[in-house]
Amino acid sequence: MNGTSGIEVEVAGLKLRTPLIACSGCAGFGSELKRIGALEGLGALCLKGLTLEPRSGNTPPRLWEMPSGLLNSIGLENPGAQKVLGEILPGLDLGIPLIANIAGNTYEEFARLAYLLDSVPVEAIEVNVSCPNVEEGGRIFGADPESVYKTVSLVRGSTRKKLFVKLSVACQDVADVAMAAEEAGADALSLINTVPAMAIDPITLKPALGNVSGGLSGPAIKPIALLAVWKVYRVTRLPIIGMGGVATAQDVLEFMAAGASCVGLGSQLLRDPYSPARIAGELVELRKRLNKDQLKEIVGCAHGGTSGSTGCGSRGRGPRSGTACT
Ligand SMILES: Cc1cc2nc3c(=O)[nH]c(=O)nc-3n(C[C@H](O)[C@H](O)[C@H](O)COP(=O)(O)O)c2cc1C
């Protein structure tokens, strides 16, 4: 990559040299990427999901690769807040903004984690509402607008950091959930998390994952993620970090056209950790070809009409188009 001119973006006040963020869970705490010289091209890095107590994760097998994508049931394996905040974060010097990612079993745990992160050098906190709420029967926090509103309000009251709320499509309506997050004080929305799925081992004819169900990521979920970004762009005014199957510079353009201010790279980083530099270089070229001074000028341009027309649609509590039944 030679320079990032014209592809810089700003998300909720965070200045990113490129619109590419390493997704939570796909880059650990960034030290491996740094060691192999693969941070070039990334605008920011989202750290592995953090829980209050250490977690050893789900029963193996926890990864299952398919032609269409990757199925995982890692189960939020991480060393816990004390070790991450006391030992890992202080020694991290990646040279790009860091975003913490938190997951709680209860509302109180989310608030506690946000409070603990208030005094550490991360630029923002991503709130992963795709984890089960043990107080309310194990339904995920992100399943309905009410529990998202409650979670985000409590977190908002516990930290001064920027808050990114990470949404799942495993909910009643992602647009409603997004509006609840905005009302509760989110600064940006990350979407989407993995999609609930399973695989059968073709040899044993048993579930391929030790946990039976897992989360699907990669190319298979890109159209699902694009629709979620499209819908959320129309009903909120928050910046969107679009993710789900981004693997090429063309994918980045499509997510930005649907309304994302920047994108997350997840499974693609596991496939090729050096890809951010390549994608960023291609984005510089594509920006020139599109005749734009700044790549960010294309954000939301898909809303200006159908294929072939130009211009960006207005946003925020607008009509909910794109929701028709098939
Ligand atoms: C192995 C793996 C681990 C993940 N761990 C987390 C996590 O800890 N917290 C989180 O919010 N999302 C996690 N995710 C979801 C990703 O951050 C991302 O939302 C999802 O994979 C979709 O992007 P992709 O299709 O580019 O991979 C994980 C995904 C994978 C594949």
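Now for a look at the structure at hand.

Thresholds applied
- Residues numbered from 1 in each chain as written.
- Predicted model: local features only at pLDDT ≥ 70, side-chain atom pairs only at ≥ 80, totals over all residues.
- Axes fitted to C-alpha atoms, helices over the stretch in contact; angles between N-to-C directions.
- Helix = DSSP H or I, 4+ residues; strand = E, 2+ residues; numbered from the N terminus.
- Parallel < 35°, antiparallel > 145°, perpendicular 65-115°, else oblique.
- Left-handed = near helix turned anticlockwise from the far one by under 90°.
- Contact = placed C-beta atoms within 7 Å.
- Nonpolar A, V, L, I, M, F, W, Y, C, P; charged D, E, K, R; others polar.
- Pairing = 2+ DSSP bridges.
- Near = placed C-beta within 6 Å.
- Buried ≥ 20, exposed ≤ 12 C-beta atoms within 10 Å, placed from the backbone.

Overview of the packing of helix α4 (residues 145–156) against helix α5 (residues 174–183)
Axes are the key here: two packed helices are described by the angle between their axes and the distance separating the axes. Running from N to C, α4 and α5 cross one another at 25°; their axes reach a closest spacing of 8 Å. Taken together, α4 and α5 sit at an angle that is classed as roughly parallel. The two elements α4 and α5 cross, and the hand of that crossing is right-handed. Every residue of α5 that contacts α4 at P145, V148, Y149 and V152 is listed here: D176, V177, A180, A181 and E183. Taken together, the residues of the contact of α4 with α5 break down into seven nonpolar, no polar and two charged.

A closer look at the sheet that holds strand β11 (residues 195–198)
Taken in spatial order, the four strands line up as β5-β6-β12-β11 in an open sheet, and their pairing is antiparallel. In this open sheet, the two edge strands, each paired with only one partner strand, are β5 (63–66) and β11. Between one strand axis and the next, the sheet turns through 35° on average, direction left out of account. Note that β11 and strand β12 (residues 213–217) share four bridges and pair antiparallel. Pairing of M198 across the sheet is with S213, part of β12.

Thoughts on the sheet that holds strand β4 (residues 44–46)
What the eight strands build is a closed barrel, ordered β3-β4-β7-β8-β9-β10-β13-β14; its pairing is parallel. Put simply, the sheet's adjacent strands are angled 25° from each other on average, direction ignored. With three bridges joining them, strand β3 (residues 20–22) and strand β14 (residues 262–265) adopt parallel strand pairing. Within β14, the residue paired with A22 across the bridge is L265. The strands touched by helix α3 (residues 107–117) are β7 (98–102) and β8 (124–128); relative to β7, the strand with the most contacts, the crossing angle is about 155°.

Details of the site of the ligand
The local shell around the ligand holds 27 residues, among which C23, G25, G49, S217 and G266 are the closest. When contributions to the shell around the ligand are tallied by element, the ones reaching two or more residues are β6 (69–72), β14 and α8 (267–271).

Some thoughts on the environment of V148
Here V148 shows up in helix α4. For V148, a count of 27 C-beta atoms within 10 Å puts it in the buried group. Spatially, the C-alpha atoms of V148 and E135 are 14 Å apart, while their sequence positions differ by 13 residues. The residues touching V148, leaving out its near neighbours within four places in the chain, are V129, F141, G142, V177, A180 and A181.

Structural notes on the pairing of β6
Residues G69 and L71 point to one face of β6 and L70 and N72 to the other, with burial holding for every one of them. As paired strands, β5 and β6 are joined by four bridges and run antiparallel to one another. Among the inter-strand pairings, E65 is bridged to a residue of β6, identified as L70. The loop that links β5 with its antiparallel partner β6 comprises two residues. Strand direction decides the pairing type here: β6 and β12, joined by three bridges, are antiparallel. If you follow L70 over to β12, its bridge partner there is S217.

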